[in-house]
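Letter by letter, the chains look like this.
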Amino acid sequence: MRVLLVEDDLALGGAVHDHVAAQGHAVDWVTRLDAASDARLTVDYDLILLDLGLPDGRGLDFLRRMRKAGDTTPVIIMTAMDQLSIRIEGLNAGADDYLVKPFDLSELLARLGAVARRYGGNPNPMLAIGPLEIDRGRRQAKVEGHVLDLTAREWAVLERLALHPGILVSKAQLEDALFAFGAEIESNAVEVYVSRLRKKLIADLIHTVRGLGYRLGES
Ligand code: CA
């Protein structure tokens with residue numbers, strides 16, 4: 001996923017950034033609302049993690065402007081204020097979920113995954129494609145019951161393919177999935193990881209659509 005993190009607390013922002021990125025998501029971190037608006041002009045984010053008190057305004061006002069403009073990008077608000085009224089205000093403003101600081105980073109990841117699955121149209125963390133079973137909650141893939149030993153990059157590519165079984169996924173979309181692992185993506189990175197996945201998947205599940213991209217399972 002491409003995640004926009006809006007948080008001006010450098011210690012917390014750094015911890016959240018590193019933790020979410022380590023799970024294979026591409027995270028852009030900004031500390032102000034104007035930078036968040038700029039980032040959204042160029043990138044179509046899958047999820048926004050939004051602090052409420054920013055140097056140049058209130059996170060809730062930012063969220064209200066987004067929703068008023070018809071933007072349905074999932075938003076999880078992060079609030080230091082453990083007050084029911086603030087949480088209700090946030091949900092009413094169009095937040096999908098909230099976290100009360102200090103929160104556990106594993107809880108953040110679980111909520112992030114749940115929100116992403118709901119928006120992906122499939123709240124079930126379990127996906128089955130032929131002999132392949134994928135548990136997005138545990139980030140685990142099995143073929144015929146055997147757990148595959150996948151690196152974070154291989155997982156990122158496989159998850160992106162598995163979200164749309166039987167559907168063409170472009171090389172650019174797979175490059176997006178790999179973006180989290182560094183700004184420099186080698187031009188053949190997607191081919192490299194698809195090739196490694198093919199070796200680990202045993203069954204020939206990933207089909208190449210020449211010049212266009214890849215497809216997992218039958219169309
Ligand atoms: Ca803040």
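Predicted, not measured: the structure shown is a model, and the values here were computed from it.

1. Quick word on the overall build of the protein
Turning to step 1, where the next piece is worked out: Each helix and strand counted, the protein has 8 helices and 14 strands in total.
Turning to step 2, where the next piece is worked out: What you see for the protein is a C-alpha radius of gyration of 18 Å, in line with the 17 Å of a compact globule of 219 residues.
Turning to step 3, where the next piece is worked out: On the principal axes, the C-alpha backbone points of the protein span a range of 50 × 35 × 30 Å.
Turning to step 4, where the next piece is worked out: Taking all 219 residues of the protein together, the buried fraction comes to 45%.
Turning to step 5, where the next piece is worked out: In the protein, the share of contacts with a sequence separation of at least 24, taken over all contacts with a separation of at least 6, comes to 55%.
Turning to step 6, where the next piece is worked out: When the accessible surface of the protein is totalled, it reaches about 11,000 Å², and 51% of it is carbon and sulfur.
Turning to step 7, where the next piece is worked out: The average position of the 26 basic charges and that of the 32 acidic charges among the side chains of the protein differ by 3 Å.

2. A short note on the sheet that holds strand 9 (residues 132–135)
Turning to step 1, where the next piece is worked out: Taken in spatial order, the 4 strands make up an open sheet running 8-9-10-11, and their pairing is antiparallel. The sheet is open, and its two edges are formed by strand 8 (126–129) and strand 11 (146–147), each paired on a single side.
Turning to step 2, where the next piece is worked out: One ladder, built from 4 bridges, connects strand 9 with strand 10 (residues 140–143); its direction is antiparallel. Across the sheet, the residue bridging to Leu132 is Val143, located in strand 10.
Turning to step 3, where the next piece is worked out: Across the face of the sheet, helix 6 (residues 152–162) comes into contact with strand 8, strand 9 and strand 10 while running at roughly 105° to strand 9.

3. Quick word on the pairing of strand 1 (residues 2–6)
Turning to step 1, where the next piece is worked out: With respect to burial, strand 1 is a largely interior element, 5 of its 5 residues being buried.
Turning to step 2, where the next piece is worked out: Residues Arg2, Leu4 and Val6 line one face of strand 1 and the alternating positions Val3 and Leu5 line the opposite face, and both faces are buried.
Turning to step 3, where the next piece is worked out: Pairing analysis gives 5 bridges linking strand 1 to strand 2 (residues 26–30), with the strands arranged parallel. Bridge pairing links Arg2 to Ala26 in strand 2.

4. What about the domain arrangement of the protein?
Turning to step 1, where the next piece is worked out: Under the domain assignment, the protein is made up of domain 1 (2–119) and domain 2 (126–216).
Turning to step 2, where the next piece is worked out: Contacts between domain 1 and domain 2 engage 9 residues on the former and 11 residues on the latter.
Turning to step 3, where the next piece is worked out: Both sides together, the interface formed by domain 1 and domain 2 hides about 750 Å², and carbon and sulfur atoms give 50% of it.
Turning to step 4, where the next piece is worked out: Viewed at the interface, domain 2 and domain 1 are joined by 0 salt bridges.
Turning to step 5, where the next piece is worked out: Inspection of the region where domain 1 meets domain 2 yields 0 residue pairs in polar contact (both at pLDDT 80 or more).
Turning to step 6, where the next piece is worked out: Its residues assigned to classes, the side of domain 1 that touches domain 2 shows 3 nonpolar, 3 polar and 3 charged.

5. Section: the sheet that holds strand 14 (residues 213–216)
Two orientations exist for strands paired in a sheet by backbone hydrogen bonds: parallel and antiparallel.
Turning to step 1, where the next piece is worked out: Read across the sheet, 3 strands follow the order 12-14-13 without closing on themselves; strand pairing throughout is antiparallel. The open sheet is flanked by strand 12 (169–170) and strand 13 (206–209), the only strands paired with a single partner.
Turning to step 2, where the next piece is worked out: Sheet contacts for helix 6: strand 12, strand 13 and strand 14; angle to strand 14, the most-contacted strand, approximately 70°.

6. Remarks on the packing of helix 6 against helix 8 (residues 189–201)
Turning to step 1, where the next piece is worked out: Running from N to C, helix 6 and helix 8 cross one another at 85°; their axes reach a closest spacing of 10 Å. The angle between the axes of helix 6 and helix 8 places the two elements in the roughly perpendicular class. Here Arg153, Glu154, Val157 and Leu158 of helix 6 lie close against helix 8, whose contacting residues are Tyr193, Val194, Arg196, Leu197, Lys200 and Leu201.
Turning to step 2, where the next piece is worked out: Considering only residue class, the contact of helix 6 with helix 8 consists of 6 nonpolar, no polar and 4 charged.

7. Concerning the UniProt feature "modified residue: 4-aspartylphosphate" (unreviewed entry) in the protein
Turning to step 1, where the next piece is worked out: When the UniProt feature table is mapped to this numbering, "modified residue: 4-aspartylphosphate" (unreviewed entry) covers Asp51.
Turning to step 2, where the next piece is worked out: Here Asp51 lies in strand 3 (residues 47–51).
Turning to step 3, where the next piece is worked out: Given a relative accessible area of 5%, Asp51 falls into the buried group.
Turning to step 4, where the next piece is worked out: For Asp51, the residues in contact, after removing those within four places along its chain, are Val6, Glu7, Asp8, Gly59, Met78 and Lys101.

8. Considerations on the pairing of strand 3
Turning to step 1, where the next piece is worked out: With 5 of 5 residues buried, strand 3 lies mostly within the body of the structure.
Turning to step 2, where the next piece is worked out: Taking every second residue as pointing to the same face, both faces of strand 3 are buried, with Leu47, Leu49 and Asp51 on one and Ile48 and Leu50 on the other.
Turning to step 3, where the next piece is worked out: Note: strand 1 against strand 3, 4 bridges, orientation parallel. The residue bridging Leu4 from the neighbouring strand is Ile48, located in strand 3.
Turning to step 4, where the next piece is worked out: Across 4 bridges, strand 3 lies against strand 6 (residues 75–79) in parallel orientation. By the bridge assignment for strand 6, Ile48 is matched with Val75.

Rules used throughout
- Residues numbered from 1 in each chain as written.
- Predicted model: local features only at pLDDT ≥ 70, side-chain atom pairs only at ≥ 80, totals over all residues.
- Heavy atoms only, no water.
- Helix = DSSP H or I, 4+ residues; strand = E, 2+ residues; numbered from the N terminus.
- Rg over C-alpha atoms; globule rule 2.2 N^0.38 Å.
- Buried < 20%, exposed > 50% of the residue type's maximum accessible area, 1.4 Å probe, protein only.
- Contact = heavy atoms within 4.5 Å.
- Areas by Shrake-Rupley, 256 points an atom, 1.4 Å probe, with all protein chains shown as cover.
- Lys, Arg positive; Asp, Glu negative; His and termini not counted.
- Charge placed at Lys NZ, Arg CZ, Asp CG, Glu CD.
- Pairing = 2+ DSSP bridges.
- Axes fitted to C-alpha atoms, helices over the stretch in contact; angles between N-to-C directions.
- Domains from an automatic or database assignment.
- Buried area = accessible area lost by both parts, 1.4 Å probe.
- Salt bridge = Lys/Arg side-chain N within 4 Å of Asp/Glu carboxyl O.
- Polar contact = N/O pair within 3.5 Å; in protein donor to acceptor, adjacent residues only side chain to side chain.
- Nonpolar A, V, L, I, M, F, W, Y, C, P; charged D, E, K, R; others polar.
- Parallel < 35°, antiparallel > 145°, perpendicular 65-115°, else oblique.
- UniProt positions renumbered as here; feature names shortened; annotations may be inferred.

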